[in-house]
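Architecture at a glance
Read off the chains here:
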Amino acid sequence: MASQAYDREAQNDGRLNDLASKLSSLRQVTQDIHTQASDTSFIQASAEAFSNLSTSIKRSSSRLARSSTVSLPIYKTVFLILAAVLFVYIIYRLV
């Protein structure tokens, strides 16, 4: 009878040790997640990149608008280039 109680006590101690190690691992994972979530450098870098992209697009569109008001043949040139690319694409798809 005492032997069974000793065995059960040993099993309980082993299970408690396993549970303590799992709890420690879970705590470490939680701390790692918190550390990564607190690091906002990636988000800030992405926001800055999109801001730069937006600024670049605005500049390009304003330059395109200025050039289109100055000379109408640019639209014709762009249209001809697009038509040529579309023509080559259609020919390529047929062959």
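Not measured: the values here are computed from a predicted model.

**A look at the overall build of the protein chain**
Tallying secondary structure elements over the protein chain gives 3 helices and 0 strands in all. Each helix (α) and strand (β) of the protein chain, taken in turn from the N terminus, gives the series α-α-α. With respect to the principal axes defined by its C-alpha atoms, the protein chain has extents near 100 × 40 × 10 Å. Summing over all exposed atoms, the protein chain offers an accessible surface of approximately 9,000 Å²; the carbon and sulfur share of this is 65%.

**Quick notes on helix 3 (residues 73-94)**
With 22 residues, helix 3 should reach 32 Å at 1.5 Å per residue; the first-to-last C-alpha distance of 31 Å fits that figure. Sparse coverage of helix 3 is indicated by the burial of 0 of its 22 residues.

**Remarks on a nonpolar patch on the surface**
Together, Leu86, Phe87, Val88, Tyr89, Ile90, Ile91, Leu94 and Val95 give the surface a local cluster of nonpolar side chains, amounting to about 890 Å² of exposed area. Examined against the element boundaries, valine 88 turns out to sit in helix 3. Classification of valine 88 by relative accessible area gives exposed; the value is 54%.

**Remarks on the confidence of the model for the protein chain**
The predicted model of the protein chain has a mean per-residue pLDDT of 85, with 94% of residues at 70 or higher. When pLDDT is averaged over each helix and strand of the protein chain, the minimum, 84, is found for helix 2 (residues 41-70) and the maximum, 88, for helix 1 (residues 2-38).

**Describing the environment of alanine 2**
Relative to the helices and strands, alanine 2 is located in helix 1. Exposure remark for alanine 2: the relative accessible area of 63% places this residue in the exposed category.

Procedures and definitions
- Residues numbered from 1 in each chain as written.
- Predicted model: local features only at pLDDT ≥ 70, side-chain atom pairs only at ≥ 80, totals over all residues.
- Heavy atoms only, no water.
- Helix = DSSP H or I, 4+ residues; strand = E, 2+ residues; numbered from the N terminus.
- Areas by Shrake-Rupley, 256 points an atom, 1.4 Å probe, with all protein chains shown as cover.
- Expected span 1.5 Å × (residues − 1).
- Buried < 20%, exposed > 50% of the residue type's maximum accessible area, 1.4 Å probe, protein only.
- Patch = residues over 30% accessible without salt bridge, like charges linked within 9 Å, V, L, I, M, F, W, Y side chains within 5 Å.
- Salt bridge = Lys/Arg side-chain N within 4 Å of Asp/Glu carboxyl O.
- pLDDT = per-residue confidence, 0-100.

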